[in-house]
Protein chains: 2
Amino acid sequence: MQRANIKLTRGVPPVESFPNDQIVQCTKTVMTEYGTEIQQYNASIGFKPLRQWIAGESNTQPEQILIGQGSLQLLDLSAQLLIQPGDQVFVEAPTYDRTITTLRRAGADILGFALEKDGPDPDEMERALKAGSRPKFAYLIPDFQNPSGTVMSAEKREAVVALAEKYNFWIFEDSPYRSLRYSGSELPSLYSLLPERVCQMSSFSKTICPGLRVGYMVVPLELVKALAKMAEDTYINSSYINQAIVFDYIRRGWLENHLAELKQLYSQRLDTMLACLDRHFSNRATWTRPEGGFFIGMQLNPQPSLHLLLENAARADLQLTDGRGFFANGGGENFVRLPFCGLTPEEIRQGIDRLDQVVSGLG
Amino acid sequence: MQRANIKLTRGVPPVESFPNDQIVQCTKTVMTEYGTEIQQYNASIGFKPLRQWIAGESNTQPEQILIGQGSLQLLDLSAQLLIQPGDQVFVEAPTYDRTITTLRRAGADILGFALEKDGPDPDEMERALKAGSRPKFAYLIPDFQNPSGTVMSAEKREAVVALAEKYNFWIFEDSPYRSLRYSGSELPSLYSLLPERVCQMSSFSKTICPGLRVGYMVVPLELVKALAKMAEDTYINSSYINQAIVFDYIRRGWLENHLAELKQLYSQRLDTMLACLDRHFSNRATWTRPEGGFFIGMQLNPQPSLHLLLENAARADLQLTDGRGFFANGGGENFVRLPFCGLTPEEIRQGIDRLDQVVSGLG
């Protein structure tokens, strides 16, 4: 008897949340209204009506919004613009694994700061700065962090931007999950605290669908021209057709409705996973209890043999991500990222059940 | 009385050629047929049905087709993959200006070979190779070259790929205009002559519309995995929604029909521009008589004061591109790129008339 593989690996939205028909309707509308413009080559900065909407949300001007093919692409351009080989970059430990790859490729010397339950420790950062660290930027995910699920506290947000101001480095604030809060209260974005030093990245991949490939960055005036030029020199422009579809989807009020539906769907899945973890792991692991986003970060105690954990999980039809990939400077052998949005409650129950058996089998 | 500016600058397709309604219909079809798949994150290599079609056209396998956000983006990834600062790259002189920018950014030492009326001189290339040049690759546009409009002869195609084989360098064959031939016979692509050493780039920007941002590269097996990984690390994947729209557009037979219409439209514009040049410039310039593509390349004799030429043209409501941008190693002061597809016959007549007056005014 063959049973389905359960993928506790990538943090992707569930296909049942995708708005097929609405995308068709938006395409029809924007091809009528903007067809000539959006099918042509265009300026790399992005489709103006969508930039205007994002600027309104971010309390800035449309000239500071750069839209691209997903926010990772924009981070890559930023790294190419700002990083010379050997330049230091601060990140959280753990952090988003693709960012580590991007920064390494640009030649960055990456320094990870251990995540506490409310974000990295600003005092530890300042000790590094006082000892001579001169990062080009800090890459931080303050809201529902990938992979840990933590939220940076208001105090730490203020402390971190104060360091950026004092020691003159940029902050890249990655915020793809910020609008997916299921409980609790929103905290100020780093961007709102120090707009002249913070690039805030986000995208519509988690809130509409990844396939449109529309991400954006709110960029300080000092950087925006150079970044837009870098984008133009790399790919001329990202698809205005897709950007116009996103704009029309928002204009119709569908994003607001869709977010409400997603929050309901995802918070149930989060609750299911937390209940399963409480049932199965209370004596041999600790984990975050996130108020939003896609991920729970779990630490297994005692540390298992990582090799056996991954291998036995695969044998039990359970795919896990190697936790070490989220740590730029080593560690992560006992870290398990648990994405809960892309799985049904039944898959979550089975997945955590299998994980229990696998971890138990390791002794 | 204000008259309209005429832009003899960028080589963009005319907006009246864009297939608005068909894109809406294709979107509807592909969202029904592939909606779940194409809205999700996907493999960077590209939407398989479109890769299968391109592979059929290119007489290769779908695993060797990499689809991206326009072909410039794919060239940029290739440069990042292959070029170390100081590595040499051969190009034509003149060549596509954006490629010069991309290669320079990757740190390439660019060596341009003068274009003759049937392509660059392979003997000159071999002299450089014998003298010790070891290019990582040659970037060539054999069909209706941008900016000159020239076609590389069959003999030179064979000679150039023989050099690539003998001296062990890659060729990047940029072919966006190859399917836009208005007269004469097609010559073998460089890729068809030496598939194991040639990356052939093309896109649907000139044959459907730029706004979909769908380009592709036919890649030798030896490079394809590394390039796809580079793409994934940069932007995860390009939009499968857009790639599926292109696939459906082709499947319906619309690309074939559209190409026939475009050829008729563009060949009339080419004829108009050639007639205007014959009328106005026969004693003080030479120019190509291309059998396809977007551009006529013109050399003014005697060489004008470039500064005055551009300035007086702007005063006469005529925008010209600075010819020097197409030459990697200097020159181009008397080179004028004349794009003929994006202008109506009346705009072409007025544009060449104004150019006549501007050049005459320079004495």
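Residues numbered from 1 in each chain as written. Chains lettered and ligands numbered in written order. Predicted model: local features only at pLDDT ≥ 70, side-chain atom pairs only at ≥ 80, totals over all residues. Heavy atoms only, no water.

Colleague: What should I look at first to understand the relation of the copies chain B and chain A in this one?
Modeller: The operation relating the pair of chain copies consists of a rotation about an axis and a translation along that axis. When chain B is fitted to chain A, the best match, at an RMSD of 0.0 Å, comes from turning it 180° and sliding it 0.0 Å along the axis. One copy is carried onto the other by what is essentially a two-fold rotation axis. Here 100% of the contact residues of chain B are again contact residues in chain A; the copies associate through an equivalent surface. (Least-squares fit on C-alpha atoms with pLDDT ≥ 70 in both. Contact = heavy atoms within 4.5 Å.)

Colleague: Explanation requested: the pairing of strand E7 (residues 170-174) of chain A in the structure shown.
Modeller: Along any regular strand, the residues point their side chains to alternate faces of the sheet. Residues and elements named next belong to chain A. In terms of burial, E7 is largely enclosed, as 5 of its 5 residues are buried. Inspection of the sheet shows strand E6 (residues 137-140) paired to E7 by 4 bridges, in the parallel sense. Note that in E7 the partner of alanine 138 across the bridge is isoleucine 171. Of the crossover connections in this fold, the one passing from E6 over helix H6 (residues 154-167) to the parallel E7 is right-handed. Of the pairings in the sheet, the one linking E7 to strand E8 (residues 198-203) comprises 4 bridges and is parallel in character. Note on E8: the bridge partner recorded for isoleucine 171 is valine 198. (Buried < 20%, exposed > 50% of the residue type's maximum accessible area, 1.4 Å probe, protein only. Helix = DSSP H or I, 4+ residues; strand = E, 2+ residues; numbered from the N terminus. Pairing = 2+ DSSP bridges. Right-handed = clockwise from strand over helix to strand, strands pointing away.)

Colleague: How do you make sense of the interface of chain B and chain A when you look at a structure like this?
Modeller: Interface size is often expressed as the accessible area that is lost when the parts come together. In this complex, chain B contributes 47 residues to the contact, which on the side of chain A involves 47 residues. The junction of chain B with chain A conceals about 4,200 Å² of combined surface from both sides, 51% of it contributed by carbon and sulfur atoms. Among the residues chain B hides against chain A, the three largest losses belong to B:Gln39, B:Tyr41 and B:Arg105. Together they make up 17% of the total. Among the salt bridges present, the one from B:Glu232 reaches A:Arg98, with a minimum N-O distance of 3.1 Å. Inspection of the region where chain B meets chain A yields 31 residue pairs in polar contact (both at pLDDT 80 or more). For the side of chain B that touches chain A, the secondary structure elements donating two or more residues are helix H1 (20-38), helix H3 (71-82), helix H4 (97-105), helix H8 (221-235) and helix H9 (240-251) of chain B. If one sorts the elements of the side of chain B that touches chain A by residue count, H1(B) sits on top with 9 residues. Within the side of chain B that touches chain A, the residues separate by chemical class into 20 nonpolar, 18 polar and 9 charged. (Buried area = accessible area lost by both parts, 1.4 Å probe. Salt bridge = Lys/Arg side-chain N within 4 Å of Asp/Glu carboxyl O. Polar contact = N/O pair within 3.5 Å; in protein donor to acceptor, adjacent residues only side chain to side chain. Nonpolar A, V, L, I, M, F, W, Y, C, P; charged D, E, K, R; others polar.)

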